[in-house]
Amino acid sequence: MKSYLTHLECTGCGLRHDASELHTVCTACAKVLYPRYDLAAVKKMLSPWDLAPREQNMWRYFEVLPVLDATNVATLGEGGTPLMRANQLGESLGCTDLYIKDEGLNPTASFKARGMAAAVSKAKELGVTKMMVPSAGNAAGAMAAYAARAGLEAHLFMPKSTPQSNILESGIAGAEVELVDGHIGDAGRIARERAVTTPMFDMSTMKEPYRVEGKKTLGYEIAESLEWTLPDVIVYPTGGGTGLLGMWKAFAEMEEMGWLPNSKRPRMIAVQAAGCAPVVKAFLEGADHCEPWENAQTVAAGLRVPGPYADYLILQCLRESGGTALTVTDDEALACVREIAVAEGIFACPEGAATLAALKKLLADGTVGKDERIVLLNTGSGLKYLDLFQP
Ligand SMILES: *Cc1c(COP(=O)(O)O)cnc(C)c1O
Ligand SMILES: [Zn+2]
């Protein structure tokens, strides 16, 4: 297996960047960089059906992942999560074709593992030894774990409100942890201040080009699980948008490689918390960018992102796909944690359960039809949020 990575391309101005050098954002316009691959060559040498005998983890898509030398891959077995039919939940909603992709089964119990596995491996390949990230939760735990696995140093900056599990798992894996007053934006500001005196590579969401590549394997897996077709609707709990954008990128790549012969793209639906909904607000106003959300508040730590860096890409994706964006309250999300657990045995995180709360609204107002093929993304395990479920 070899990677067909060719270069990085700016999503704003199109400027090409050398992928053999370390980059964060576009050197000309500071917008998000996307890795690009020689997809024509992959198309020639690999059919999606050839993947069948490969291991069930995200590295089975090695040709379209950015690590060139497999010995640099720091893996804990991330990806390869099941796309489960949710028949009992479906029955209670009247849905005939409902699925949950359970990302709680990943190492560090969230889908942040995918992004960090790709980004930490690539950083190692490019000679990074110290990395930092501001995180409202699971990104910190994942970076700590993959840094340990890769033998690199991780510095994590987290709001004091971050779930205990994330703070503890990071420290246990040997990362430097600094707790910060305020939200993830404040954590980011302090991380950048610290990086002036101690040079550390910035792994912030969408300011680093490779986390999205790990997350895009979600899109490849959904297609593979459905025998190289796509669902009608994907409901995604949106913070920084990496997973949403990753899937959208995966669909474009698969189309270009001819891996999805009869498939049209799903409508992408972004769910946010009522107490932090910059994407929903911008979407409903028809804006191209988000205004920073004041006083972000939600128990769904992964959704506590007041100003997503890739706002313009998220909004583009929602509109191009014919999707939408909506909010749910914390109470609605927490009630859905229980509902999913009772109906299907999956202890979802509040972010993941928010997709069910959103689906109910979408069914009620006819945005989503009951006979459509629907995928809910459960992005992590409820076990990381035990403080929310004390009796
Ligand atoms: C980070 C996170 C999200 C949001 O993911 P983005 O890629 O930032 O949109 C959702 N759920 C959980 C559990 C998370 O940790
Ligand atoms: Zn640019």
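Everything numeric in this text was worked out from a predicted model, so none of it was measured.

A.B. asks: What exactly am I supposed to notice about the sheet that holds strand β2 (residues 16–17) here?
C.D. replies: Whether parallel or antiparallel, the strands of a sheet pair through hydrogen bonds between backbone atoms. Taken in spatial order, the 3 strands line up as β2-β1-β3 in an open sheet, and their pairing is antiparallel. With partners counted over all chains shown, the strands left at the sheet margins are β2 and β3 (33–37), one partner each. Direction of pairing for strand β1 (residues 5–10) relative to β2: antiparallel, over a ladder of 2 bridges. Directly across from E9, in β2, lies its bridge partner R16.

A.B. asks: What is the right way to look at the coordination of the zinc ion (ligand 2) in this model?
C.D. replies: Coordination angles at a metal have ideal targets, namely 109.5 degrees for four tetrahedral donors and 90 or 180 degrees for six octahedral donors. Every protein donor of the zinc ion (ligand 2) is accounted for by C10 (SG), C13 (SG), C26 (SG) and C29 (SG), and the metal-donor separations fall at 2.2 to 2.3 Å. Bound by 4 donor atoms, the zinc ion (ligand 2) shows angles of 98 to 119° at the metal and therefore tetrahedral coordination geometry.

A.B. asks: Would you take a moment to explain the sheet that holds strand β11 (residues 267–273) for this structure?
C.D. replies: Reading across from one edge, β4-β5-β13-β10-β11-β12 is the order of the 6 strands in this open sheet, with mixed pairing throughout. Unpaired on one side and paired on the other, β4 (83–85) and β12 (324–328) mark the two borders of the sheet. For this sheet, the mean inter-axis angle between neighbouring strands, taken without regard to orientation, is 25°. Strand direction decides the pairing type here: strand β5 (residues 98–102) and strand β13 (residues 374–378), joined by 5 bridges, are parallel. Pairing of L98 across the sheet is with I374, part of β13. Taken strand by strand, helix α9 (residues 278–285) contacts β11 and β12, and its axis lies near 135° from that of β12.

A.B. asks: Before we go on, may I ask you to explain the pairing of β5 in this structure?
C.D. replies: For a regular strand, side-chain orientation follows a simple rule: the groups alternate between the two sheet faces. Of all 5 residues making up β5, 5 are buried, and the element is well covered by its neighbours. Residues of β5 alternate between two faces, with L98, I100 and D102 on one and Y99 and K101 on the opposite face, all of them buried.

A.B. asks: What is the right way to read the site of ligand 1 from this model?
C.D. replies: The environment of ligand 1 is formed by 17 residues, the closest being K112, Y236, G240, G241 and T379. Between ligand 1 and the protein, one listed contact pairs an oxygen atom with a backbone N or O atom of G240 at 2.7 Å. Here a nitrogen atom of ligand 1 sits 2.7 Å away from a polar atom, N or O, in the side chain of T379. Here ligand 1 loses 97% of its free accessible area of 380 Å² to cover by the protein chains. Those elements that place two or more of their residues in the shell around ligand 1 are β10 (233–237) and α8 (242–256). Here the residues of the shell around ligand 1 sort into 5 nonpolar, 9 polar and 3 charged.

A.B. asks: Whenever I open this one, the pattern of salt bridges confuses me. Can you help?
C.D. replies: When the charged atoms of two side chains lie near each other, side chains of opposite charge can form a pair. The final tally for this structure, using the stated rule, is 25 salt bridges. Between E253 and K216 there is a salt bridge, and its shortest N-O distance comes to 2.9 Å. Of this pair, E253 sits in helix α8 while K216 sits in helix α7 (residues 211–225), placing them 37 residues apart in sequence. Both residues of the pair, E253 and K216, count as buried.

Definitions and cut-offs
Residues numbered from 1 in each chain as written. Chains lettered and ligands numbered in written order. Predicted model: local features only at pLDDT ≥ 70, side-chain atom pairs only at ≥ 80, totals over all residues. Heavy atoms only, no water. Pairing = 2+ DSSP bridges. Helix = DSSP H or I, 4+ residues; strand = E, 2+ residues; numbered from the N terminus. Donors = N, O, S within 2.8 Å, 3.2 Å for Na, K, Ca; no water. Tetrahedral: all angles 85-135°; square planar, octahedral: opposite > 155°, others 65-115°. Axes fitted to C-alpha atoms, helices over the stretch in contact; angles between N-to-C directions. Contact = heavy atoms within 4.5 Å. Buried < 20%, exposed > 50% of the residue type's maximum accessible area, 1.4 Å probe, protein only. Near = heavy atom within 4 Å. Polar contact = N/O pair within 3.5 Å; in protein donor to acceptor, adjacent residues only side chain to side chain. Areas by Shrake-Rupley, 256 points an atom, 1.4 Å probe, with all protein chains shown as cover. Nonpolar A, V, L, I, M, F, W, Y, C, P; charged D, E, K, R; others polar. Salt bridge = Lys/Arg side-chain N within 4 Å of Asp/Glu carboxyl O.

So, to be careful, I would describe these as geometric facts and stop short of saying anything about function.
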